[in-house]
Amino acid sequence: MKKKIIINLAVFLIIIVILALVQNLLMPKYMSSIFEGNLVEEYYNNEKDNDVIFIGDCEVYSNISPITLWENYGITSFIRGSAEQLIWQSYYLLEETLTYEKPEVVVFNVLSMKSSEPHKEAFNRLTLDRMKLSKSKIGAINASMLEDEEFITYLFPILRYHSRWNELTGEDFKYLLSKEKKSHNGFLMRSDVKPVSYVPEGKKLPDYRFSENCYNYLDRITKLCKDNNIKLILMKAPSVYPYWYEEWDQQMVEYAKENDLTYINFLDYVDEIGIDHNTDTYDGGLHLNLAGAEKLTKYFGEILSKNFNLEDRRADENLKKIWNKKIDFYNDMKQHQQEELEEYGYLKSYGAVKPEEGK
Amino acid sequence: MVYILATTISTYLISRIISNIQIKQADYFKNNKGTIDKEDLKKYKANMKSQQKRWMATCLLINFGILAVLKYTDFSISNINFVIHLFNPEREFSYLNLAIPLGISFYTFQSMGYLIDIYREKYSYEKNIFKFGLFISYFPQLIQGPISRFDDLKKTMFEEHSYNQRSISLGFQRVLWGFFKKLVIADRLLVAVKTIVGSPDEYTGVYVLLGMLFYGIELYTDFSGGIDITIGISEMLGINLKENFNRPFFSKSIAEYWRRWHITLGTWFKDYMFYPISISKPVLKLAKKSRERFGNSFGKRVPVYISTIVIWFTTGIWHGAAWNFAVWGLLNAVIILASHECTPLYTRFHTKFHVEHTFSFRLFQVARTFWLMAFLRTFDLYRGVGTTFKMYGSVFGDFNVSELFNGGLLNLGLSVADYIIIVLSVTVLVTVSLLQRSGGVRERLMKKPVAVRYCTNFVLFLSILIFGAYGVGYNASQFIYSQF
Amino acid sequence: MKKIVVLLFLILFIAGCGEKNSDNTSFQSDTNNTSNTESVSVSDKGYKFEHNGVIIKMNAQSAPVIDALGEPKEYFEQASCAFQGLDKFYYYSSFEINTYEINGVDYILGVNFKDDSISTIEGIYIGSKLSDVNEAYGGDYKDENGSRTYTLGDTKLQFIVENNIVTAINYIAIVDGN
């Protein structure tokens, strides 16, 4: 009788393992393109000892370099960003992060205030698929699902990705069990340059007020930080586009005042930061490239270290060891990107698009 | 919900009444044995019979009435409107859009079969209204059948105790097999079928043939897969339902096909409509008159022909409230009768050519039946009678066979990989069907070591999980969009 | 034991009773949707914009339109995050056209008026009165937060209205996911 139970249990376990492997095989790996898919996941293996946590969309993961922050100010940080991260996703990611650690400061990029509703399933997947199962993940899924999405496909992604069976490539097998690191504490490095050519004006909107839904979540983020004694900073990255309306800026200024928060619109300090629209962006001004990110980070770091009493921890031996490794990885990638730029003219293996002739 | 309660209650009550009349009758005979004269006996019997008939008719009227109103009102209205439009294009009656309860065609037939059986004194009525209610509403059957007979179901539901490890295993396997047929084959082919049917102006000629082929396979795998799931679940509960399919595509003639496809519907019509009609007084009278007028050979055909045509018309509109279904039904009748008439011709052919038992001739018969049924089924495929005839025309008029080789197959929403899966899974299906002819496959698997069974089940499960045509990307309308 | 299970089924069924509009006996019940899907492609039904003789339809391929209109004054590309397609903006002197990309081909997503030197085919321009809009387009609109939107086919025509005067005009294509 006992033998039967053991055999049954063993069979059951084997079935579970095989199913888990098959599911992992069919899920996209994001190792050769769309690196954004790795950002959420890379947090878990990281040391949970961050002074600052950044949350938000591509304006955080492209424009801030945690390595630079460490090298210049001894501040540890991690960027929990993802592609087109919506504010409720930011909230739940923050909630989840706080179950692992309690940073001193949380920085939230407020661009996502303009998105009151979920927009595209693909972005939901990039942010949610690799979150570890938790109450926060469930909350995030429910808040993010589009009408024709189903919860069970988030619980068992194999139900969503099973039809990838005929799109499997070597990459899917190679990275079945473990993946390569692609970000630097959540920062995606792009060393290429595409200068700003034309700055589009904002088109007139019928209504500038941010939605109730977004304000609700902003309130929740504010409360979450207050309850945990964390200082919340609202930021707006210095991107040329999407257009950041004066009316939107005003609302954030007011919100910050009402809630005793710091709000920094870096668009106002472009000159002081030293951003050069000819050299510091890789996509015509939507995002800063490596050079621009380092400039912005140095400027921001000054504020963080002076105004927020963040200790310089470069003397800590343990941290030094850990971060030296990160610095090496950072510099290696920097070099590799330089080499690719020299050889191909564009960042071939970093998701850049080959520039068309004559454009 | 109300409707099924109405059917349950009315049938239960009335069958009880009828049974009671029969019991009264039996008692009367017992008590008065030998003391009544023949005349009175006959009168009494006739009286009892007519009482029973009236009750039965009432019940039939109520229940078929409900079915007719819910299902066919809008159809009738559209026909009435058609006639009215001929006179006055502005006027028309509006449609009622009545909601049709789940499985009404199935449970109505099932309960009316029970009623008629009671009337025929086949078995005694079910005293327990809950048991009876369960018989009517046993939900796995409601969706697609099979249509059960009360005595079969009663035995297996309430009396036999075959709920055990073995039946659970077998049942589970059958459920998996059903899902395999439905999700991997049927739902995949459905994408192509919907594309072809969605733009009949674009997909003409050889695409119509492709549509027929795909639809035949799709309908079979979808329907029989669903039945497998129903029978499998029931088996796991220890309830044994009757089979509804018997490898119909191996049939060699249309008559045989209808003994092997949707079996329970066919037998229901045979038992409850065909015989009653052919031995009913008006039909017999007509037959007699025809025999006198037109001779014996004509006369003896009359009951059969009338019954056949009525049955097939009914079968047609049972499938749907539209003319294309009626036409489909009638065409089936025509072909069945015609091929029956041709029997002497066939016999002559076979005595001359001695090919009847050769493998190639049998293969020819199978192929012929398959395509014959596929052509007939086209009325089910395209919505209207006119469209169907137009598509028939294009099969012979449009010579675009070359499109098959020019990547036309890839314009239907299926990729090369999809076709590979279809071919492989249909091969598995055919293999299993061939194996089944010499004994149940599941039973044979039971004899193999446990590991083999577990592996087979697991592989089946994985195939469904990975290759099933469900979720994002299998919506044909999405495909049509991305074509633009 | 079995009876209980079977009776349970009955209860489950009663509890989850549903009404289905089809009998599932044939294929027809599913085909209701497919015959209407051609509306997702470029239909002739929809608000069109016309400039210098060039007709601009929403969801149409943009390449021929841009060719016909000539070289734009300014051009701007926006790759959305994680490169899910490239949105392009073409700026002409009084309006701008933006596009979306599917499988390497660009389709017109919208046209936005920049000044009052151009008007819609129905005669409305920036500065028109709201009453003119009503007259031109009728009563089937949706009012939301200071804008009035008319929907026709696969297009939306949005008028931003302040103090009963039109201050902005936008054509918007209706696309899956928009």
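Here is what the cut-offs are and how they apply
Residues numbered from 1 in each chain as written. Chains lettered and ligands numbered in written order. Predicted model: local features only at pLDDT ≥ 70, side-chain atom pairs only at ≥ 80, totals over all residues. Heavy atoms only, no water. Helix = DSSP H or I, 4+ residues; strand = E, 2+ residues; numbered from the N terminus. Rg over C-alpha atoms; globule rule 2.2 N^0.38 Å. Buried < 20%, exposed > 50% of the residue type's maximum accessible area, 1.4 Å probe, protein only. Contact = heavy atoms within 4.5 Å. Areas by Shrake-Rupley, 256 points an atom, 1.4 Å probe, with all protein chains shown as cover. Lys, Arg positive; Asp, Glu negative; His and termini not counted. Charge placed at Lys NZ, Arg CZ, Asp CG, Glu CD. Domains from an automatic or database assignment. Buried area = accessible area lost by both parts, 1.4 Å probe. Salt bridge = Lys/Arg side-chain N within 4 Å of Asp/Glu carboxyl O. Polar contact = N/O pair within 3.5 Å; in protein donor to acceptor, adjacent residues only side chain to side chain. Nonpolar A, V, L, I, M, F, W, Y, C, P; charged D, E, K, R; others polar. Pairing = 2+ DSSP bridges. Axes fitted to C-alpha atoms, helices over the stretch in contact; angles between N-to-C directions. Core = buried A, V, L, I, M, F, W, Y, C linked by side-chain atoms within 4.5 Å. pLDDT = per-residue confidence, 0-100. Phe/Tyr/Trp six-rings, centres within 6.5 Å; stacked < 30°, edge-to-face > 60°. Lys NZ or Arg CZ within 6 Å of the ring centre and 35° of its normal.

## Thoughts on the overall build of chain B
Alright, step 1. Summing up its helical and strand segments, chain B has 21 helices and zero strands in all.
Alright, step 2. Taken against the 2.2 N^0.38 rule, which gives 23 Å for 484 residues, the C-alpha radius of gyration of chain B at 26 Å falls within 12% of a compact globule.
Alright, step 3. On the principal axes, the C-alpha backbone points of chain B span a range of 85 × 65 × 60 Å.
Alright, step 4. In chain B, buried positions account for 48% of the 484 residues.
Alright, step 5. Here the analysis covers contacts within chain B between residues at least 6 apart in sequence; of these, 74% occur between residues at least 24 apart.
Alright, step 6. As displayed, chain B offers around 24100 Å² of accessible surface, 66% of which is attributable to carbon and sulfur atoms.
Alright, step 7. For chain B, the separation between the mean place of its 53 positive charges and that of its 32 negative charges on side chains is 8 Å.

## Some details on the environment of Ile279 of chain B
All names here are of chain B.
Alright, step 1. Counting through the fold element by element, Ile279 comes out in the loop between helix H10 (263-278) and helix H11 (281-294).
Alright, step 2. What makes Ile279 exposed here is its relative accessible area of 61%.
Alright, step 3. Spatially, the C-alpha atom of Ile279 lies 7.6 Å from that of Pro303, the residues being 24 residues apart in sequence.

## Quick word on the environment of Phe49 of chain C
Residues and elements named next belong to chain C.
Alright, step 1. You can see Phe49 is positioned in strand S1 (residues 48-51).
Alright, step 2. Residue classification places Phe49 among the buried residues on the basis of a relative accessible area of 0%.
Alright, step 3. A C-alpha to C-alpha distance of 20 Å links Phe49 and Asp140, two positions 91 residues apart in sequence.
Alright, step 4. Beyond its immediate stretch of four places on either side in the chain, Phe49 contacts Val54, Ile55, Ile56, Phe95, Val111, Phe113, Ile118, Ser119, Ile121 and Tyr171.

## With respect to the domain arrangement of chain B
Residues and elements named next belong to chain B.
Alright, step 1. Under the domain assignment used here, chain B contains domain 1 (2-137) and domain 2 (165-483).
Alright, step 2. On the domain 1 side of the interface with domain 2, the three residues burying the most area are Tyr72, Phe75 and Phe109, jointly 47% of the side's total.
Alright, step 3. At the surface where domain 1 touches domain 2, the tally comes to zero salt bridges.
Alright, step 4. The tally of links between domain 1 and domain 2 comes to seven residue pairs in polar contact (both at pLDDT 80 or more).
Alright, step 5. Broken down by secondary-structure element, the contributors of at least two residues to the side of domain 1 that touches domain 2 are helix H2 (38-87) and helix H3 (104-119).
Alright, step 6. The element that contributes the greatest number of residues to the side of domain 1 that touches domain 2 is H3, accounting for eight residues.
Alright, step 7. Tallied by class, residues from the side of domain 1 that touches domain 2 come to seven nonpolar, four polar and three charged.

## Topic: unusual backbone geometry
Alright, step 1. With an omega of 5°, the peptide bond running from Tyr241 of chain A to Pro242 of chain A counts as cis.
Alright, step 2. Looking at where Pro242 of chain A falls in the secondary structure, it is placed in the loop between strand S4 (231-236) and helix H12 (246-259).

## Overview of the sheet that holds strand S8 (residues 147-152) of chain C
Residues and elements named next belong to chain C.
Alright, step 1. Taken in spatial order, the eight strands line up as S3-S4-S5-S6-S10-S9-S8-S7 in an open sheet, and their pairing is antiparallel. Of all strands in the sheet, those with a lone pairing partner are strand S3 (74-79) and strand S7 (141-144), marking the two edges. Across the sheet, the mean angle from the axis of one strand to that of its neighbour is 20°, orientation sign disregarded.
Alright, step 2. Pairing analysis gives six bridges linking S3 to strand S4 (residues 86-91), with the strands arranged antiparallel. In the strand pairing of S4, Glu77 is matched with Lys88.
Alright, step 3. Lying over the sheet, helix H2 (residues 62-69) contacts S4, strand S5 (95-102) and strand S6 (105-113), oriented at roughly 155° with respect to S5.
Alright, step 4. The strands touched by helix H3 (residues 130-137) are S7, S8, strand S9 (155-162) and strand S10 (165-173); relative to S8, the strand with the most contacts, the crossing angle is about 10°.

## Remarks on the interface of chain B and chain A
Alright, step 1. Taken residue by residue, the interface counts 15 residues in chain B and 14 residues in chain A.
Alright, step 2. Between chain B and chain A lies a buried interface of about 1200 Å² when both sides are counted; carbon and sulfur atoms form 76% of it.
Alright, step 3. Considering only the side of chain B, the residues that lose the most area to chain A are Phe458, Ile466 and Val472 of chain B, jointly responsible for 39% of the buried surface there.
Alright, step 4. The tally of links from chain B across to chain A stands at zero salt bridges.
Alright, step 5. For the pair chain B and chain A, the interface holds three residue pairs in polar contact (both at pLDDT 80 or more).

## Considering the nonpolar core
Alright, step 1. Counting residues in each nonpolar core, the largest one holds 162 residues, and the members touching the most others are Phe54, Phe300 and Leu304 of chain A together with Trp258, Trp261 and Leu412 of chain B.
Alright, step 2. Two domains each put at least three residues into this core: domain 1 (2-137) and domain 2 (165-483) of chain B.
Alright, step 3. If near-sequence neighbours (up to four positions away) are discounted, Trp258 of chain B is found in contact with Trp312, Trp328, Asn332, Ile336 and Met373 of chain B.
Alright, step 4. Among the nonpolar cores identified, the runner-up in size contains 45 residues, and Val40, Val106, Ile230 and Trp248 of chain A belong to it.

## Description of the sheet that holds S4 of chain A
All names here are of chain A.
Alright, step 1. Taken in spatial order, the five strands make up an open sheet running S2-S1-S3-S4-S5, and their pairing is parallel. Unpaired on one side and paired on the other, strand S2 (77-81) and strand S5 (262-265) mark the two borders of the sheet. Here the average twist between neighbouring strands, direction ignored, is 20°.
Alright, step 2. Strand direction decides the pairing type here: strand S1 (residues 52-56) and S2, joined by five bridges, are parallel. Across the sheet, residue Ile55 finds its bridge partner in S2, namely Arg80.

## Brief notes about the confidence of the model for chain B
Residue and element names in this part refer to chain B.
Alright, step 1. This prediction gives chain B a mean pLDDT of 83; 95% of its residues lie at or above 70.
Alright, step 2. Contacts for the low-pLDDT stretch residues 476-484, under 50 throughout, to residues beyond four places or in other chains number 17 contacts.
Alright, step 3. In the model output, the complex is listed with pTM 0.83 alongside ipTM 0.84.

## Observations regarding the pairing of S2 of chain A
Alright, step 1. For S2 of chain A, a buried count of five out of five residues is recorded, marking the element as mostly surrounded by other parts of the structure.
Alright, step 2. Judged by which residues are buried, S2 of chain A turns out to be covered on both faces: Ser77, Ile79 and Gly81 of chain A on one side and Phe78 and Arg80 of chain A on the other are all buried.

## A few points about the packing of aromatic side chains
Alright, step 1. According to the stated counting rule, one finds 79 aromatic pairs over all chains in the structure shown.
Alright, step 2. On the numbers, 5.6 Å between centres and 65° between planes, the contact of Tyr241 of chain A with Phe89 of chain C is edge-to-face. Of this pair, Tyr241 of chain A sits in the loop between S4 and H12 while Phe89 of chain C sits in strand S4, which puts the two residues in different chains.
Alright, step 3. Every member of this aromatic cluster is reached through a ring pair, and the members are Tyr220, Phe223, Phe245, Phe249, Tyr257, Trp258, Trp261, Trp312, Trp328, Phe370 and Trp371 of chain B.
Alright, step 4. The aromatic ring of Tyr154 of chain A is capped on one face by Arg125 of chain A, whose charged end is 3.8 Å from the ring centroid.
Alright, step 5. In this structure, Arg377 of chain B packs its charged tip against the face of Trp261 of chain B, placed 5.4 Å from the ring centre.

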